[in-house]
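Observations on the three-dimensional arrangement
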Amino acid sequence: MQSHIEELRRVWIGPVSSYINPHRWKNFYSKLMSEWSSITMYSTVMLAVDISFLAVPSVNVQGSRSVPVATMYISVFWNIGSLVASLFMLTNSTFGIQALATVHALPFAMLLWHILQ
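Residues numbered from 1 in each chain as written. Predicted model: local features only at pLDDT ≥ 70, side-chain atom pairs only at ≥ 80, totals over all residues. Heavy atoms only, no water.

**Regarding the side chain of Asn-79**
Positionally, Asn-79 belongs in helix H3 (residues 67-91). On the basis of relative accessible area, Asn-79 is assigned to the buried category, the value being 0%. Not counting residues up to four positions away in its chain, the partners in contact with Asn-79 are Ser-43, Met-46, Leu-47, Asp-50 and His-114. (Helix = DSSP H or I, 4+ residues; strand = E, 2+ residues; numbered from the N terminus. Buried < 20%, exposed > 50% of the residue type's maximum accessible area, 1.4 Å probe, protein only. Contact = heavy atoms within 4.5 Å.)

**Focus: helix H2 (residues 22-55)**
When the terminal C-alpha atoms of H2 are compared, their 49 Å separation across 34 residues agrees well with the 50 Å that a helix rising 1.5 Å per residue should span. Of all the positions in H2, only Phe-28, Leu-32, Trp-36, Ile-39, Thr-40, Ser-43, Met-46, Asp-50 and Leu-54 are classed as buried. (Expected span 1.5 Å × (residues − 1).)

**Observations regarding the confidence of the model for the protein**
A low pLDDT means the predicted coordinates there should not be read in detail. For the protein, mean pLDDT is 76; residues scoring 70 or higher make up 78% of the total. Within the protein, the element-level pLDDT minimum falls on strand S1 (residues 12-13), averaging 72, and the maximum on H2, averaging 84. (pLDDT = per-residue confidence, 0-100.)

Encoded structure:
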């Protein structure tokens, strides 16, 4: 999130919400769109891997409450969150600077939580 705040501060000229440098904004926004598209593709692949893992009969036995199965369900949750956040950000991004930095970092943060699970 800190890198997003620094990038946004380079885009704004003067006090927050006063003026935006159009050239810097276009560069920043195209970089974000590329990042979100990559995250969306990666999350989609990882979701397919997670679901495939859960579909293996020896892993997901009926009534089983094993650690790997619980971990995979948590992983699926974070993965879906990453997908939803990145798809949302690809279509809408009008927030204040602090909220903008936080929301812009959500797809990547959720993807990291998915990987760490």
